[in-house]
Each structure stands twice: as structure tokens, then as C-alpha cells.
Amino acid sequence: MLQLPHQPLQVAAIPPQRTPAREDQAGPWHSEAVCRRDEAGLFFAPSKEPTAARLSREESAKRVCARCPVMIECREHALVQPEPYGVWGGLTAAERRVALARRRRREAELKASGATGHIAAAG
Ligand code: SF4
């Protein structure tokens, strides 16, 4: 079991319809996720979380993601939805916004150049 960096963690900022349990989400990859519903405090920010605590929590969540066999699928899910909160597929919400902006820029450049195809890479 992963050692949580800050206990007890409040999970008040977790949107009720979005939990990191992944088992309640569509997609066959959820059954292989290594994160579980009771780890929500690790993947989602508690209210008024200090910056140092957030960075530490996010790094811990990313370590869980790094050993997850469905990290790519999870990341793509979070980018496509898009998931506005929490760590998904090893990326924070801010990192996903950057990845999405980069992806959209590349798609716009491809469209402008006349190339076709879908850009699957998040980075
Ligand atoms: S990549 Fe991370 S957030 Fe996604 S299912 Fe795996 S452990 Fe959970």
C-alpha cells in the first residue's frame, strides 16, 4: 500500500461525478488500473492545499501511475474527455492542459498543411 504523504487528506475538491477509482468509468482498461477508489485523496486535491503539499501529493500519484499497465489508456481518456481535475495517466490537470494545447496546435498545423490523420501522442 502506498504511503500517503499527508494524512488525513480532505477530498472536498473532488467533483462528485469524477472520482479516480476508474472502476466506475467506461472502458475495459479500468479493470487493470492500479489506483483504487480509496486512493482518491492521492489523485485529487483537497481544498486549500498548500503548494508544497500539492507537489508532493502529485509526485506520489505519478509514482502510482508509473507502475500502472493502463497509463496510456488512462491518459488518453483524460485528454479526450477532458478530465478537468486530478492526476490521470501520470499527468496533472495543468500538464494535460499543456498537452492538449500542444496537440491542438499540431492538428491545426497539419490541417493547414493539408496533411491528414489523428495525432495520438499527448506530449
Ligand atoms: S494511470 Fe494512474 S490514474 Fe490512471 S488508472 Fe493508472 S494509476 Fe489510476
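In the nomenclature of an unreviewed UniProt entry, the chain corresponds to Transcriptional regulator WhiB from the organism Streptomyces poriferorum. Regarding the chain, the relevant UniProt record gives this comment under Function (unreviewed entry): "Acts as a transcriptional regulator. Probably redox-responsive. The apo- but not holo-form probably binds DNA." UniProt annotates the chain under Subcellular location (unreviewed entry) with the comment "Cytoplasm".

Enquirer: Honestly, the UniProt feature "binding site: [4Fe-4S] cluster" (unreviewed entry) in the chain in this entry has me stumped. Any pointers?
Expert: The positions UniProt marks with the feature "binding site: [4Fe-4S] cluster" (unreviewed entry) are Cys 35, Cys 65, Cys 68 and Cys 74. With the annotated positions falling across 40 residues, the maximum pairwise C-alpha distance of 11.1 Å places them together in a single cluster. Residue position: Cys 35 is located in the segment before α1 (40–43). Following the sequence through the fold, Cys 74 ends up in helix α3 (residues 71–80). Under the C-beta neighbour-count criterion, Cys 74 is labelled buried, with 27 such atoms within 10 Å.

Enquirer: Any chance you could explain the site of the ligand here in plain terms?
Expert: Around the ligand, the structure places 15 residues, and the nearest of them are Ala 33, Cys 35, Cys 65, Cys 68 and Cys 74. Elements with a minimum of two residues in the shell around the ligand: α2 (51–66) and α3.

Enquirer: Can you walk me through α2 in this structure?
Expert: Every α-helical turn comprises 3.6 residues, leaving residues that sit three or four positions apart pointing alike. In this model α2 runs 22 Å from its N-terminal to its C-terminal C-alpha over 16 residues, within 8% of the 22 Å that 1.5 Å per residue would give. Within the span of α2, buried status applies to Arg 57, Glu 58, Ala 61, Val 64 and Cys 65. The buried residues of α2 occupy one face: seen down the axis, they fall within an arc of 110°. Opposite the buried face of α2, at more than 90 degrees from it, the exposed residues are Ala 52, Glu 59, Arg 63 and Ala 66. Tucked into the core, α2 has its buried residues touching α1 and α3.

Enquirer: Would you mind going over the nonpolar core with me for this structure?
Expert: One broad trend across soluble globular proteins is that nonpolar side chains are buried collectively. Counting residues in each nonpolar core, the largest one holds 16 residues, and the members touching the most others are Phe 43, Ala 61, Val 64, Cys 65, Cys 74, Val 87 and Trp 88. Of all the secondary structure elements, the ones that give two or more residues to this core are α1, α2 and α3.

Enquirer: Got a minute to help me understand unusual backbone geometry in this structure?
Expert: Peptide bonds are trans in most cases, and residues, glycine excluded, mostly fall at negative phi. Residue Pro 82 is reached from Gln 81 by a cis peptide bond, and omega for that bond is -15°. Structurally, Pro 82 can be placed in the loop between α3 and α4 (93–113). The phi torsion at Lys 48 lies on the positive side, around 55°, for a residue other than glycine. Assignment of secondary structure puts Lys 48 in the loop between α1 and α2.

Here is what the cut-offs are and how they apply
- Residues numbered from 1 in each chain as written.
- Predicted model: local features only at pLDDT ≥ 70, side-chain atom pairs only at ≥ 80, totals over all residues.
- UniProt positions renumbered as here; feature names shortened; annotations may be inferred.
- Helix = DSSP H or I, 4+ residues; strand = E, 2+ residues; numbered from the N terminus.
- Buried ≥ 20, exposed ≤ 12 C-beta atoms within 10 Å, placed from the backbone.
- Near = placed C-beta within 6 Å.
- Expected span 1.5 Å × (residues − 1).
- Arc of directions from axis to C-beta.
- Contact = placed C-beta atoms within 7 Å.
- Core = buried A, V, L, I, M, F, W, Y, C linked by C-beta atoms within 7 Å.

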